Every structure is written in structure tokens, then in C-alpha cells.
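Architecture and fold: a report
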Amino acid sequence: MLLRLLALSWRPATAPTSCAGVRCLSSGSASITVPLNFWAGRRRTSKASRDKENVYEPATGRVLCHLEPCGGEEVDQAVEAAKSAFGPWSKMSGMERARIMIEAAHLIESRREEIAEMEVVNNGKSITEARLDVDSARLCIEYYAGLASTLAGQHVQLPGGSFAYTRREPLGVCVGIGAWNYPFQIAAWKSAPALACGNSMVFKPSPVTPVTAVLLAEIYAKAGAPEGLFNVVQGGQETGSLLCHHPDVAKVSFTGSVPTGQKIMEMASKGVKPVTLELGGKSPLIIFKDSDLENAVRGALMANFLSQGQVCSNGARVYVQKEILPEFVQAVVTKTQAIPIGDPLLESTRMGALVSGPHLHKVLSFVEQAKKEGAKVLCGGEPFVPSDPKLSGGYYMTPCVLGDCTDEMTCVKEEIFGPVMSVLAFETEQEVLQRANNTTMGLAAGVFTRDVTRAHRVVEQLKAGSCFINNYNITPVEVPFGGFKMSGIGRENGQVTIEFYSQMKTVYVEMGDVDSLF
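Every chain is numbered independently, its residues counted from 1 as its sequence is written. Whole-chain, interface and lining totals are the exception, using all residues; otherwise, since this is a predicted model, local features are given only for residues with pLDDT of at least 70 and side-chain atom pairs are given and counted only at 80 or more. The side-chain figures draw on all heavy atoms in the structure; neither hydrogens nor water molecules are used.

Every helix listed is a DSSP run of H or I at least four residues long, and every strand listed is a run of E at least two residues long, numbered separately from the N terminus. For the chain, the count of helices and strands is 15 helices and 22 strands. To get the radius of gyration, use the C-alpha atoms; to get the globule rule, take the number of residues to the power 0.38 and multiply by 2.2 Å. Taking 518 residues into account, the globule formula puts the C-alpha radius of gyration at 24 Å, and the chain, at 24 Å, falls close to it. If one aligns the C-alpha atoms of the chain with their principal axes, the spans along those axes are about 80 × 55 × 50 Å. Counting the 518 residues in the chain, one finds 57% classified as buried. Any two residues whose heavy atoms approach within 4.5 Å are treated as being in contact. Sequence-distant contacts in the chain: of pairs separated by 6 or more residues, those separated by 24 or more amount to 76%. Carbon and sulfur atoms form 54% of the exposed surface of the chain, whose accessible area is close to 21,200 Å². Counting rule for charge: Lys and Arg are taken as positive, Asp and Glu as negative, and neither His nor the chain ends is counted. Charged groups are reduced to one reference atom each: NZ for lysine, CZ for arginine, CG for aspartic acid, CD for glutamic acid. Between the mean site of the 49 positive side-chain charges and the mean site of the 53 negative ones, the chain shows a separation of 1 Å. Here's how the labels work: a residue is buried when its accessible area is under 20% of the maximum for its type, exposed when over 50%, partly exposed in between, all with a 1.4 Å probe on protein chains only. Each accessible area value is a Shrake-Rupley result obtained with a 1.4 Å probe; residue values ignore everything except the protein chains displayed when judging cover.

Here you go:
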């Protein structure tokens, strides 16, 4: 999920300058003791005695803070706060809601560096990427603020002067459940369209990355939102289940794995609640022999190594036409080996730490399995220890390129969710399309070619919801994002998402006498 970099390089002269080089935080220095739950306008602690969970700083491996999970009482309080806020918020005009959302966007802009640093500390990605994530969150809120005043129905003229009209109305209390790879951005991507439509929200971050969603809650509150409009409850599976089953929740939007998405869909179905599911992928990137090779290599790197490879839309199956395979492999290995790994708060770093120790172990085990199945490690795929002693306990690995891969290998079939690129050869367009579509998932796909006709022909036949031509992992907020098949239901971003956070009411108006059969 990366914004077009050039679009973000421009910054107004009045915008706060980045404190890059004047770090407010350094890896290993942050300590968080304030409560991470938030509802009814302020941070909250649980009254019940529950075991707290450790939250780790990926860059160092040390304990960053302790998570206080919410139980039934806290979930009820958060949902009740959201219900209370829904009344006045849903009665506001679109312009009134937009003013508050724009103010929230301005506050995000003013706190850009602070939010980005906390995202790095809790997630492990580079500060460069974290800033772009914060920008994406801000732009998303600005975009839906612009749409808030455009929500409208339709007038239908009927015989005899009678007519009908439709009203687009909010759903009520929506639940957002976030993932750990884009904590702040996902909170904004889910809340912005929900709030623009007049809904309120209870948001549950991943228990691995609980820190920055509460910053967004504080920002909405400071911007003038009614108390309880956007609430944050922390916790894992139990808390998520309580939210999905809650009788006062009207909709659930989830980002995460396919198995968890299936469980959420099942739980929501008990109350016939609509769901938006943005799930996993094992996406293909097809590189034809007529491609601009330099751009194709850049695209392959963007498709595999953003956020340490922890991106659901990654094009991890890189199909390269046989004629250019040796040249492509040499170039992509050279570029991969040159990626600076280390302290994610340093400006020079381009690959930080994976999100947790267990996840690092899982990704490395995929590399070992690939070797057993006959893949060749062309570079990387090993644990990495930075030279700075304070980072020695962090969760680092060298980005990996696997060659001699076949479609039957585990590394090609299963989502690794780490910095591991699998390179496969192909000969013909028809062949590669069949192989590319041979998966139960369909989140994204990409094609590199100079032949515009071929590009559109191939994209038409790719069974994926988000496709790229001569680029990859570009997600402007104006454009819908989501998948086919088991990669999910519904869309995030773009105008169409309004339909997933609202409901249509039809009103028939009779202007004459009732024509009764009785």
C-alpha cells in the first residue's frame, strides 16, 4: 500500500517541517505507560483484573508496553459511546461532518513526524515508509470529507404525478478490525468513509501494534467530533468476537488473514451484518520480454520488499519471460543485495525489522522449506544482526530472492508475508495467464510490457481485484482497493466504498387516490 511518491513530494510552504535529522525518538528509547483504550472522549483503563500482554519493539526486541485487553464490559461501554455519538453525528449535514474531518486531517499533518515515529517504534518499518503511511491516512480523510456533502439519492418520476425517491442513510455503529502491517493507515482507511456517511466506529487494532490507533482517536476528538464517534478497544480474538456478535453493531470491516476473515464473516452472519473483508493474497507479477527492464526490476522490488515484505497485495510470484530471465535475475539480485537494512528510525534505512520474533521465524522457515523443495536462494533469506548493539535483539532478515521456482512449491503457493521473492520462468502469454490465475486468492496482479494492447488484454484476463500496468503497489486513495475470490469482499478507498458504509432507503409518494383491488 504505497502512495505515488511524486504526488507526496510536494508540501505546502505552511506545512510543519519534518524533524528528520532531529529525531524525537530513537530505537530503544520509547516507553509507553498511558492507556491504549479510548472511548467516550478519553483514554480508558479496564476496571476488571486481566492479564496484560507484552507489546514488543521490533527494532530492538524489547518490551515497549503492556496491552490491556478489553472484555465484555469494556466492549459494551465503547459500543454504547459510539451509539450515543451516532445520533448527533448522523443528523449533521455533510458539510458539517466534512469540516470536522478536514480539521482532523490538518491535525494529522501537524503531527506527521510524531505519528510516523510511533508507527516505526511499534511496527518496525522504515521512517521513510511510515511518513508515507501517515500521508495516506491524512489524504484518505480529506478525500472522504470531500465526498461527505455529495451523498445523495435519486428522484424517479412515476405516472399520474406520483414519484419515488431514494435516501442514502448511515448504518449505525460500525466495527473496524485492523492489521499490524499498516496500523495507523488502516484505522484511517476504515474510519474515513464510515464517518463521512454519518456512522460512528469502534476500532480494534492488532494486539501486535496497538499504539497508534489511539492517536487517531485523540485527533478526531480534538477536531471537534462528538464524544464516542471513534473509539479504540484493544485485545485479540476474544475482543474481536465480542464486537462481531454485539447486537448494536451494524457492520464489520476487517483487514487480515483469510482464516480470520472467514471466522469474522461467520460471526457477522449470525446477525446478518454486512462485512468488508480485505484479506490475503499470493499475487502474480508478469514481466514480458519487451519490458523496460530497469522499470521491471524496480517494480519487482516494490512488489516484494515494501514494509519488509509484509504487504497483502505483494506480487510475490514474479513470472519472467524466458528470454530475459538471466538478465532480470542478475539485476534484481544486485538491487536486492544493496537494500540498506537496520535501524528503522535512520533516514538511510530502507528495510527495517519484521513485526515480531515468531513472524521472523515463520518467514525464515519458508526459505528453508523452499530450499528443501529445490528452489535456489539467489541472495538473502538469513537472519541479520545490525552493527548497533542495541538492535541485536531485533527481528531482522536479509531480503531474499528465490530462483528455479515451480508452481508446486510451497513458497509459490502460500502467502509468506515477508521479504521473499519467488522468480519463475514462462514462455507464452496464454501459459502464464493460466499459471497466474491458478490460485484461490485474487487480491492483486501486475504486468510489465511496452505493448499497450497486450497489457490491457492480459489485465482483462487476470482474476484479481487490483491490477497494475508497468508499476506495482500504488494505492491512491481515490481508487478502490480490494480483491476477488478468497482475497475478500467489498472495497476500501474510492467513491464506491460509500456504498459499503451506507444503506439505501426507497420512498414512494402517491399524489392521487389509492387504486385498490378491494
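Multiplying one less than the number of residues by 1.5 Å gives the expected span of a helix. Across its 17 residues, helix α3 (residues 94-110) extends 24 Å between first and last C-alpha, which sits within 8% of the 24 Å expected from 1.5 Å per residue. For α3, every residue scored as buried is listed here: Gly94, Arg97, Ala98, Ile100, Met101, Ala104, Ala105, Leu107, Ile108 and Glu109. Where α3 is buried, its residues contact α2 (72-91), α4 (112-123), α5 (127-148), α6 (183-196) and α7 (213-222).

The description of an aromatic ring pair uses the distance of the two centres, along with the angle that the planes make with each other. Pairs were defined over the aromatic rings of Phe, Tyr and Trp, the Trp ring being its six-membered one, requiring ring centres within 6.5 Å. Orientation was assigned from the angle between planes: stacked under 30 degrees, edge-to-face over 60, tilted for the rest. Within this structure, the stated rule accounts for 7 aromatic pairs. With a centroid separation of 4.7 Å and an interplanar angle of 45°, the aromatic rings of phenylalanine 468 and tyrosine 472 are classed as tilted. According to the relative accessible area criterion, phenylalanine 468 is buried, its value standing at 9%. Among the residues examined, tyrosine 472 registers a relative accessible area of 0% and is labelled buried. Through pairs of rings, three or more aromatic residues link up here, namely Phe203, Tyr220 and Phe230. Between the NZ or CZ atom of lysine 125 and the centre of the ring of tyrosine 182, over which it lies, the distance is 3.7 Å. Charge-over-ring contacts are defined here by two conditions on Lys NZ or Arg CZ: a distance within 6 Å of the ring centre and an angle within 35 degrees of the ring normal.

Moving on: the confidence of the model for the chain. Per-residue confidence for the chain averages 95 on the pLDDT scale, and 96% of its residues sit at or above 70. A residue's pLDDT is the confidence the predictor assigns to it, expressed on a 0 to 100 scale. Confidence over residues 3-21 falls short of pLDDT 50; this stretch has 29 contacts with residues more than four positions distant or in other chains.

This part takes up the pattern of salt bridges. By definition here, a salt bridge exists when the distance from a side-chain nitrogen of Lys or Arg to a carboxyl oxygen of Asp or Glu is within 4 Å. Applying the stated criterion across every chain yields a total of 25 salt bridges. When the shortest N-O distance is used, the salt bridge between arginine 50 and glutamate 74 registers 3.1 Å. Note that arginine 50 is positioned in the loop between β2 (42-44) and β3 (53-56) and glutamate 74 in helix α2, a separation of 24 residues in sequence. Here glutamate 266 ties to lysine 270 by a salt bridge, and the two come within 4.0 Å at their closest N and O atoms. Residues glutamate 266 and lysine 270 agree in their burial class; the two are exposed. Each of the salt bridges in this network shares a partner with another, and the network as a whole consists of Glu109, Arg112, Asp135, Arg138 and Glu142.

Positive phi, normally seen in glycine, also occurs at phenylalanine 417, with a value near 60°. Tracing the chain through its elements places phenylalanine 417 in the loop between α13 (410-413) and β16 (420-426). Although it is not a glycine, asparagine 470 adopts a positive phi angle of roughly 60°. Mapped onto the elements, asparagine 470 comes out in the loop between β19 (466-469) and β20 (484-485).

As a further point, take the sheet that holds strand β6 (residues 163-170). A pair of strands is considered paired only if DSSP assigns at least 2 bridges between the two. Spatial strand order, β5-β6-β22: 3 strands in an open sheet with antiparallel pairing. The two strands at the open ends of the sheet, each matched to only one other strand, are β5 (155-157) and β22 (502-509). Neighbour to neighbour, the strand axes of the sheet diverge by 20° on average, direction disregarded. Strand direction decides the pairing type here: β5 and β6, joined by 3 bridges, are antiparallel. Across the sheet, histidine 155 pairs through a bridge with tyrosine 165, a residue of β6. Geometry is summarised by axes, namely lines fitted to C-alpha atoms with helices restricted to the contacting stretch, and by angles between N-to-C directions that run from 0 to 180 degrees.

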